[in-house]
Amino acid sequence: MQFHLHCPDTIEEALRVRREKGGAWLAGGTVLLVNKHQGKPINPELISLDKLNELKQIRETENEVIIGALVTFDELEKSEVIRSRFPALWKAACQVGGPQIRHRATIGGNIAVASPASDGVTPLMALDASLRLIGPEENRIVKLTEFYTGKFKTDIKSDELLAEVIISKNSTWSGFVKVGKRSALAVSCLNASMAKIGDKIRLTIGSAAPEVRYCVRTSDALTEGDLTKACQMLQTEISPIDDRWGTADYRRKVAQNVMTSLYHELEENE
Amino acid sequence: MSLILNCIVNGEKISREIQDDETLLFFLREDLHLTGTKEGCGEGDCGACTVLVDGMSVNSCLYLAAIAEGKTITTIEGIAKDGELSEIQEAFIRHGAIQCGFCSPGMIVSSEYLLSQNPNPTPEEIRRGLSGNLCRCTGYQQMVDAIMEVAKNRASRK
């Protein structure tokens with residue numbers, strides 16, 4: 001047998017099991033069970049988060065929307081709050097996998113897996129989201145832009161659980177584009193998101209670097225209204241490779257095209 | 001390690017010993033001998049293993065059996081009631097939406113889910129609703145036609 005499965009009823013119990021046994025978190029399972037099928041190494045202790053209903057809510061305060069880490073992409077798609085306030089995240093959620101995947105895959109799992117091609121991270125990073133990480137002793141808030149430390153690597157500590165995604169309600173517009181080989185069940189060849197927060201434009205690009213990138217200098221150029229400079233800066237802020245989903249050269253061209261397309265979409269919206 | 005799984009499958013209460021790392025797909029096919037649900041890719045990329053869990057369509061190849069504790073599962077065997085094919089099954093046959101038949105159980109379960117959520121879908125909505133199910137034979141048009149017909153018949157009966 002490949003692993004022992006723990007099914008805690010509460011967050012406290014989950015953290016306790018993690019502290020005592022180590023182990024890996026199991027959310028929707030749409031990555032972990034693929035790894036199992038492909039014969040990749042699996043942690044011998046899996047801790048299912050399936051019963052932790054307090055992490056399955058989308059709630060709204062005066063200034064923020066807080067998404068529980070176990071909210072599925074289907075729930076994001078069906079949420080009017082997400083659709084109206086964060087269209088980039090909504091659009092991304094609608095394009096993850098297919099219906100069956102969206103019924104199980106969670107936003108927290110998507111963030112924590114830290115795939116460079118994540119469709120959830122790109123819009124969240126453009127929207128300047130933060131994460132609440134829960135530990136046995138303390139909770140902490142981390143900016144998503146500071147969460148990734150390398151390819152498939154995050155800042156999460158061994159005794160922590162990603163509990164919530166926090167997005168401020170200060171964006172006035174956001175857009176998202178996914179480029180893939182087919183319109184469903186596709187890993188992104190490239191994805192991009194743009195958001196307007198106050199006077200500032202934020203551009204993020206996925207699947208063109210070891211982690212999803214917030215392109216700071218490109219964003220500054222876009223904020224200045226200088227699209228030519230933004231195109232130049234963009235190529236210095238992404239580092240795509242050739243892989244089965246696309247070539248580096250193609251990704252560089254497409255990144256510039258989708259950035260331009262999003263920028264025009266933003267202009268039309270204003 | 002093993003544990004006892006208690007759930008409802010196609011209306012019947014089930015209590016069985018299972019392994020921690022057993023998928024729902026394996027449990028249905030190997031433990032319950034409900035072989036209508038198929039393994040196409042084993043990785044959530046084809047939809048041949050689609051079943052309903054508490055009314056929601058999922059890839060049973062990516063769903064651990066242990067997580068089904070207390071839940072209600074419907075497989076393709078549970079779609080036909082008392083030996084009578086469902087409307088969608090009949091329409092699939094009439095429209096030639098079944099060729100080799102391998103994708104059909106998953107496709108029909110996804111179609112049942114689609115109409116349970118959206119009783120009057122457009123062709124585009126049908127295609128999106130079936131986008132988690134691959135068919136290498138038909139080209140999908142016959143499925144779209146079958147579902148449109150069922151939706152129309154149901155609407156006219158109201």
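Residues numbered from 1 in each chain as written. Chains lettered and ligands numbered in written order. Predicted model: local features only at pLDDT ≥ 70, side-chain atom pairs only at ≥ 80, totals over all residues. Heavy atoms only, no water.

**Describing the sheet that holds strand S7 (residues 139–143) of chain A**
Residue and element names in this part refer to chain A.
Moving on, step 1. One open sheet accounts for 5 strands, arranged S4-S5-S10-S6-S7; its pairing is antiparallel. At either margin of the open sheet sits one strand with a lone partner, and together these are strand S4 (58–60) and S7. In this sheet, adjacent strand axes meet at a mean angle of 25° when their direction is disregarded.
Moving on, step 2. As paired elements, strand S6 (residues 130–134) and S7 share 5 bridges and run antiparallel to each other. From the neighbouring strand, Leu 131 faces S7, where its bridge partner is Val 142. (Pairing = 2+ DSSP bridges. Helix = DSSP H or I, 4+ residues; strand = E, 2+ residues; numbered from the N terminus. Axes fitted to C-alpha atoms, helices over the stretch in contact; angles between N-to-C directions.)

**Some remarks on the interface of chain B and chain A**
Moving on, step 1. At the interface, 32 residues of chain B touch 30 residues of chain A.
Moving on, step 2. Taken together, both faces of the contact between chain B and chain A bury some 2,500 Å²; the carbon and sulfur share is 57%.
Moving on, step 3. For the chain B face of the interface with chain A, the top three residues by lost area are Asp21(B), Leu62(B) and Arg128(B), together amounting to 24%.
Moving on, step 4. Remark: the boundary between chain B and chain A carries 2 salt bridges.
Moving on, step 5. Here Lys71(B) makes a salt bridge to Asp50(A), at a shortest N to O gap of 3.0 Å.
Moving on, step 6. The tally of links from chain B across to chain A stands at 17 residue pairs in polar contact (both at pLDDT 80 or more).
Moving on, step 7. Within the residue set of the side of chain B that touches chain A, elements represented by two or more residues are strand S4 (56–59), helix H3 (104–117) and helix H4 (123–129) of chain B.
Moving on, step 8. Top contributing element to the side of chain B that touches chain A by residue count: S4(B), with 4 residues.
Moving on, step 9. A class-by-class count of the residues in the side of chain B that touches chain A yields 11 nonpolar, 14 polar and 7 charged. (Contact = heavy atoms within 4.5 Å. Buried area = accessible area lost by both parts, 1.4 Å probe. Salt bridge = Lys/Arg side-chain N within 4 Å of Asp/Glu carboxyl O. Polar contact = N/O pair within 3.5 Å; in protein donor to acceptor, adjacent residues only side chain to side chain. Nonpolar A, V, L, I, M, F, W, Y, C, P; charged D, E, K, R; others polar.)

**Focus: empty space enclosed by the protein**
Moving on, step 1. On inspection of all chains with the given rule, the structure shows 2 cavities of 30 Å³ or more.
Moving on, step 2. Taken as a whole, the largest cavity holds about 60 Å³ of empty space.
Moving on, step 3. Around the largest cavity, the lining residues are Leu26(A), Ala27(A), Gly28(A), Gly29(A), Leu33(A), Ser48(A), Asp50(A), Arg104(A), Leu62(B), Leu64(B) and Ile67(B).
Moving on, step 4. When grouped by side-chain class, the residues that make up the lining of the largest cavity number 6 nonpolar, 3 polar and 2 charged.
Moving on, step 5. Each residue belonging to the lining of the second largest cavity can be placed in one class, and the counts come to 4 nonpolar, 2 polar and 1 charged. (1 Å grid on protein atoms, 1.4 Å probe; cavity = no way out; pocket = protein on both sides within 12 Å on 5 of 7 lines; lining within 4 Å. Points joined across faces, edges and corners; volume = space filled by probe spheres on them.)

**Regarding the pairing of strand S5 (residues 64–68) of chain A**
Residue and element names in this part refer to chain A.
Moving on, step 1. With respect to burial, S5 is a largely interior element, 4 of its 5 residues being buried.
Moving on, step 2. Across 3 bridges, S4 lies against S5 in antiparallel orientation. Its bridge partner being in S5, Glu 60 is matched across the sheet by Val 65.
Moving on, step 3. Turn length for the S4-S5 hairpin, with the two strands adjacent in sequence and antiparallel, is 3 residues.
Moving on, step 4. Here S5 pairs with strand S10 (residues 161–168) via 5 bridges, running antiparallel. Across the sheet, residue Val 65 finds its bridge partner in S10, namely Ile 167. (Buried < 20%, exposed > 50% of the residue type's maximum accessible area, 1.4 Å probe, protein only.)

**A closer look at the nonpolar core**
Moving on, step 1. Membership of the largest hydrophobic core comes to 68 residues, with the highest contact counts inside it found for Ile67(A), Leu89(A), Ile107(A), Ile111(A) and Phe27(B).
Moving on, step 2. When residues no more than four places from it in sequence are discounted, the contact partners of Leu89(A) are Ile67(A), Leu76(A), Ile82(A), Ile107(A), Gly120(A), Pro123(A), Leu124(A), Leu127(A) and Ile167(A).
Moving on, step 3. Grouped together as the second largest cluster of nonpolar side chains are 25 residues, Val177(A), Val179(A), Ala192(A) and Ala208(A) included. (Core = buried A, V, L, I, M, F, W, Y, C linked by side-chain atoms within 4.5 Å.)

**Observations concerning the sheet that holds strand S2 (residues 24–26) of chain A**
All names here are of chain A.
Moving on, step 1. Taken in spatial order, the 3 strands of this open sheet run S1-S3-S2, and their pairing is parallel. In this open sheet, the two strands that pair with only one neighbour each are strand S1 (4–6) and S2. Adjacent strand axes in the sheet meet at a mean angle of 35°, parallel and antiparallel pairs treated alike.
Moving on, step 2. Relative to strand S3 (residues 45–48), S1 is paired through 3 bridges, and the arrangement is parallel. Within S3, the residue paired with His 6 across the bridge is Ile 47.

**Description of unusual backbone geometry**
All names here are of chain B.
Moving on, step 1. You will see that Asn 10, though not glycine, has its phi angle at about 50°, which is positive.
Moving on, step 2. Within the secondary structure, Asn 10 is located in the loop between strand S1 (2–9) and strand S2 (12–19).
Moving on, step 3. Overall, Asn 10 belongs to the partly exposed group, its relative accessible area being 27%.
Moving on, step 4. Despite not being glycine, Asp 82 has its phi angle at roughly 50°, a positive value.

**Thoughts on the side chain of Thr50(B)**
Moving on, step 1. In this structure, Thr50(B) sits in strand S3 (residues 50–53).
Moving on, step 2. For Thr50(B), a relative accessible area of 2% translates into the label buried.
Moving on, step 3. Within polar-contact distance, the side chain of Thr50(B) engages the side chain of Gln100(A) at 2.9 Å.
Moving on, step 4. Polar side-chain contacts of Thr50(B) include one of 2.5 Å to the backbone oxygen of Gly47(B).
Moving on, step 5. Excluding residues within four positions of it along the chain, Thr50(B) makes contact with Gln100(A), Thr37(B), Ser57(B), Val58(B), Asn59(B), Gly106(B), Val109(B), Ser110(B) and Asn133(B).

**With respect to the packing of helix H10 (residues 227–237) of chain A against helix H11 (residues 248–269) of chain A**
Residues and elements named next belong to chain A.
Moving on, step 1. As a packed pair, H10 and H11 sit with axes 10 Å apart at the nearest point and diverge in direction by 145°. Handedness of the crossing formed by H10 with H11: right-handed. Of the residues in H11, those in contact with Leu 227, Ala 230, Cys 231, Leu 234 and Gln 235 of H10 are Arg 252, Ala 255, Gln 256, Met 259, Thr 260, Tyr 263 and His 264.
Moving on, step 2. Among the residues forming the contact of H10 with H11, the class breakdown is 7 nonpolar, 4 polar and 1 charged. (Left-handed = near helix turned anticlockwise from the far one by under 90°.)

**As for the pattern of salt bridges**
All names here are of chain A.
Moving on, step 1. Scanning all chains against the criterion turns up 27 salt bridges over all chains.
Moving on, step 2. A salt bridge links Lys 51 to Asp 9; the nearest nitrogen and oxygen atoms lie 3.4 Å apart. Here Lys 51, found in the loop between S3 and S4, pairs with Asp 9, found in the loop between S1 and helix H1 (11–21); they are 42 residues apart in sequence, far enough to count as distant.
Moving on, step 3. Look at Lys 51 and you get partly exposed, because its relative accessible area is 41%.
Moving on, step 4. Classification of Asp 9 as partly exposed rests on a relative accessible area of 46%.
Moving on, step 5. Across the pair Lys 169 and Glu 60 runs a salt bridge whose closest N-O atoms are separated by 2.8 Å. A residue pair is termed long-range when its members are at least 10 positions apart, and Lys 169 in the loop between S10 and strand S11 (171–179) and Glu 60 in strand S4 qualify at 109 residues.
Moving on, step 6. Judged by its relative accessible area of 42%, Glu 60 falls in the partly exposed class.
Moving on, step 7. What emerges from the salt-bridge pattern is a single network uniting Arg 140, Asp 155, Lys 157 and Glu 160.

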